[in-house]
Amino acid sequence: GQNIDQPTEMTATEGAIVQINCTYQTSGFNGLFWYQQHAGEAPTFLSYNVLDGLEEKGRFSSFLSRSKGYSYLLLKELQMKDSASYLCAVRPTGGTDKLIFGTGTRLQVFP
Amino acid sequence: DTGVSQDPRHKITKRGQNVTFRCDPISEHNRLYWYRQTLGQGPEFLTYFQNEAQLEKSRLLSDRFSAERPKGSFSTLEIQRTEQGDSAMYLCASSLGAGGRSEQFFGPGTRLTVL
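Figured I'd write up the structure that's included with this text.

### Looking at unusual backbone geometry
Part 1: Cis geometry marks the peptide bond from Asp-7 of chain B to Pro-8 of chain B; its omega dihedral reads -5°.
Part 2: Its place among the elements puts Pro-8 of chain B in the loop between β1 (5–7) and β2 (10–13).
Part 3: In the Ramachandran plot, Glu-77 of chain A falls in the positive-phi region, its phi being about 45° despite a non-glycine side chain.
Part 4: Counting through the fold element by element, Glu-77 of chain A comes out in the loop between β8 (70–75) and β9 (84–90).
Part 5: On the basis of relative accessible area, Glu-77 of chain A is assigned to the exposed category, the value being 53%.

This is how it looks when you write it as structure tokens:
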């Protein structure tokens, strides 16, 4: 079966660093995506990992360990506008291009 | 605006009625996806197309759901005999190519409420 787990909610303070974890068990693995979704809006792409290691992109970084079925999204220098849901999604193998999403982690940033 | 567009943005219907949604992808994108999202959940895959060919359809998609992409550009998603459980946000996404880093760009969604 397909299973992607993320914490439901997290809170953090403006200027801080927060790490959002994602563990997955899927029918094969062909890439992991992180998306940001503000309330009532469409998901927007943040990062992509297919090989083990860290991908850095400005204030956001994403890490992948394929052997552990684990990823995290690291957000640095938090801003109020970072309050949103963060979705972890896996593309399974088997010639498909669909994404399997987790339930998302709702992050609230406080001043 | 050259992003993915969806129409209508909101739809309220009575149980048993048919509804149709439209998605216009980013113009050069050959892949188009439909997802459904309910409150507090991540998007759930429904189906996707490469050009006009429907490549995959979720087993969760009952016979009441049908999607088309007749000319390989815009797509429609039709739900027949709607049920209250169909109430959700229906998201369309498109991508250029497949696999690798090809990210899916999402539209604003159509929010369906079935009374």
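Once you've had a look at it, read on.
### A word on the state of the cysteines
Part 1: If you walk through the whole model with that rule in mind, you get two disulfides over all chains.
Part 2: Between the sulfur of Cys-22 of chain A and that of Cys-88 of chain A lies a disulfide, 2.0 Å long from S to S. Between Cys-22 of chain A and Cys-88 of chain A, the disulfide has an S-S torsion of -70° and is therefore left-handed. Of the two residues, Cys-22 of chain A sits in strand β3 (residues 18–25) while Cys-88 of chain A sits in strand β9, which places them 66 residues apart along the sequence.
Part 3: With a relative accessible area of 0%, Cys-88 of chain A lands in the buried category.
Part 4: Covalently, Cys-23 of chain B is tied to Cys-92 of chain B through a disulfide, its sulfur atoms 1.8 Å apart. One disulfide, between Cys-23 of chain B and Cys-92 of chain B, carries an S-S torsion of -70° and so falls in the left-handed class. Separated by 69 residues along the polypeptide, Cys-23 of chain B in strand β3 (residues 19–24) and Cys-92 of chain B in strand β9 (residues 88–95) bring together distant segments of the chain. The burial state of Cys-23 of chain B is the same as that of Cys-92 of chain B; both residues are buried.

Rules and cut-offs
Along each chain, residues carry numbers from 1 onward, in the same order as the chain's sequence is written. Naming scheme: in the order in which they are written, chains are lettered from A and ligands are numbered from 1. Whole-chain, interface and lining totals are the exception, using all residues; otherwise, since this is a predicted model, local features are given only for residues with pLDDT of at least 70 and side-chain atom pairs are given and counted only at 80 or more. Each side-chain value is derived from all of the structure's non-hydrogen atoms; neither hydrogens nor water enter the calculation. Counting from the N terminus, the helices are DSSP H or I runs at least four residues long and the strands are E runs at least two residues long. Burial classes: relative accessible area under 20% of the type maximum marks a residue as buried, over 50% as exposed, and values in between as partly exposed (1.4 Å probe, protein chains only). Note on disulfides: each one is a pair of cysteine sulfur atoms within 2.5 Å.

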